Amino acid sequence: MSVLLLADHDNGALSPATARLVAAASELGAVDILVVAENPAPIAAEAAKIAGVHQVITVTAPETAETITNSLENLAQRYRNVTASASSVGKDVIPRLAAKLDIQPVTDIVEILGPNRFTRPIYAGNALETVEDRQATHLLTFRASAFRPAASGNDAPIETLDLSVTSAARFLAAHRTDSDTPDLATAQIVIGGGVSVGSAEGFQLIEKLGKTLGAAVGATRAAVDAGYAPNDWQIGQTGKIIAPDLYIAIGISGALQHLAGIQGAKKIFAINTDPESPLVKIADVALIGDLFEIIPQLIAELERL
Ligand code: FAD
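Right, let's walk through the structure included here. Not measured: the values here are computed from a predicted model.

Looking at the sheet that holds strand β14 (residues 216-219)
Pairing in this open sheet of five strands is parallel, and the strands run β14-β13-β15-β16-β17 from one edge to the other. Looking at which strands have only one partner, the edges of the open sheet turn out to be β14 and β17 (285-288). Adjacent strand axes in the sheet meet at a mean angle of 15° when their direction is disregarded. As paired strands, strand β13 (residues 189-193) and β14 are joined by four bridges and run parallel to one another. By the bridge assignment, G192 is partnered in β14 with G218. Taken strand by strand, helix α5 (residues 200-213) contacts β13, β14 and β15 (246-250), and its axis lies near 170° from that of β13.

Right under this line is the structure:
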């Protein structure tokens, strides 16, 4: 047993990111998935279907950072690699575990070069560093968006672990934004809107284009700060990191802090009035013009297909 992976799940369902994390973790060995949840059974059943999963271990406990950390700590000595997503949960749990086990974690891994060598971004994604980790146990977090999802079609065994993990923290409530669009972090097509979209109503146009293309919708910080788009749409250094096959950037200048979140995009299509804007310069294809003229035409053409 060499890799333990903390399942990424939310609201009682396994997140699509977990299949990507399994693909990453599989590069290091056979993967056991740990599910810590008040009702882990349905999440574990989904996790067991992912190709490359050796077994699923469940712990029934409220999902607080303390219970998850304690569960991982209980299992850690069995594994060479203890891994999680570089998501908000991973960022909460892995440093706690690192302190308890006295291990230096390697975070935000985007490429695995060997059993001890990992690539991770630094300076807000402006450079990549190679880290060699010679510790007996590795504590790692992966950026799910940097890896292709593992296939499904497995029936891994599910083991229930009876741990009495305690937590001084109490789960009170989760406030969620309901959305029927794909998850930003794992979507294949993402459309980002900038502050020049001008209003929340303007973003409805971007959402309409998103629906036509089956794309997730995001925004720049300037658009979020202006109140045109919700907080959890923010893409960038202080927002979400995306790695879609196609990123459509609408009225976005391409500030460094925004670019830090889109470096994994395979192709970039920019719509902007300014041919000199940094995003137009790095785009694979750019349309120079007014978004309010181009977007309705684009939607009309796509609806005709
Ligand atoms: P602008 O820079 O104002 O660009 C607007 C663009 O729209 C221009 O290129 C313009 O030519 C174009 N335009 C105008 N009108 C039209 C039109 N009608 N049709 C088509 N194009 C048009 N930003 C992020 O996005 N994510 C982050 O995570 C983030 N983190 C930050 C962290 C820190 C510590 C700081 C200091 C800043 C951060 N920022 C972040 C903010 C960042 O520096 C930029 O201010 C922001 O990204 C700019 O957003 P924008 O492109 O929407 O706006």
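The rest of the description comes next.
A closer look at helix α9 (residues 291-304)
Over its 14 residues, α9 extends 20 Å from the first C-alpha to the last, a length consistent with the 20 Å expected when each residue adds 1.5 Å. Inspection of α9 places L291, I294, I295 and I299 among the buried residues, and these make up the whole buried set. All buried residues of α9 project into a common sector of 130° when viewed along the axis, lining one side. Exposed and facing more than 90 degrees away from the buried side of α9 are E293, Q297 and R304. Check the buried side of α9 and you find it contacts α5, β15, β16 (267-272) and β17. The distance from a side-chain oxygen at the start of α9 to the backbone nitrogen of F292 is 2.9 Å, and the residue carrying that oxygen is D290.

Conventions we followed
Residues numbered from 1 in each chain as written. Predicted model: local features only at pLDDT ≥ 70, side-chain atom pairs only at ≥ 80, totals over all residues. Heavy atoms only, no water. Pairing = 2+ DSSP bridges. Helix = DSSP H or I, 4+ residues; strand = E, 2+ residues; numbered from the N terminus. Axes fitted to C-alpha atoms, helices over the stretch in contact; angles between N-to-C directions. Contact = heavy atoms within 4.5 Å. Expected span 1.5 Å × (residues − 1). Buried < 20%, exposed > 50% of the residue type's maximum accessible area, 1.4 Å probe, protein only. Arc of directions from axis to C-beta. Polar contact = N/O pair within 3.5 Å; in protein donor to acceptor, adjacent residues only side chain to side chain.

Structural measurements only, silent on function.
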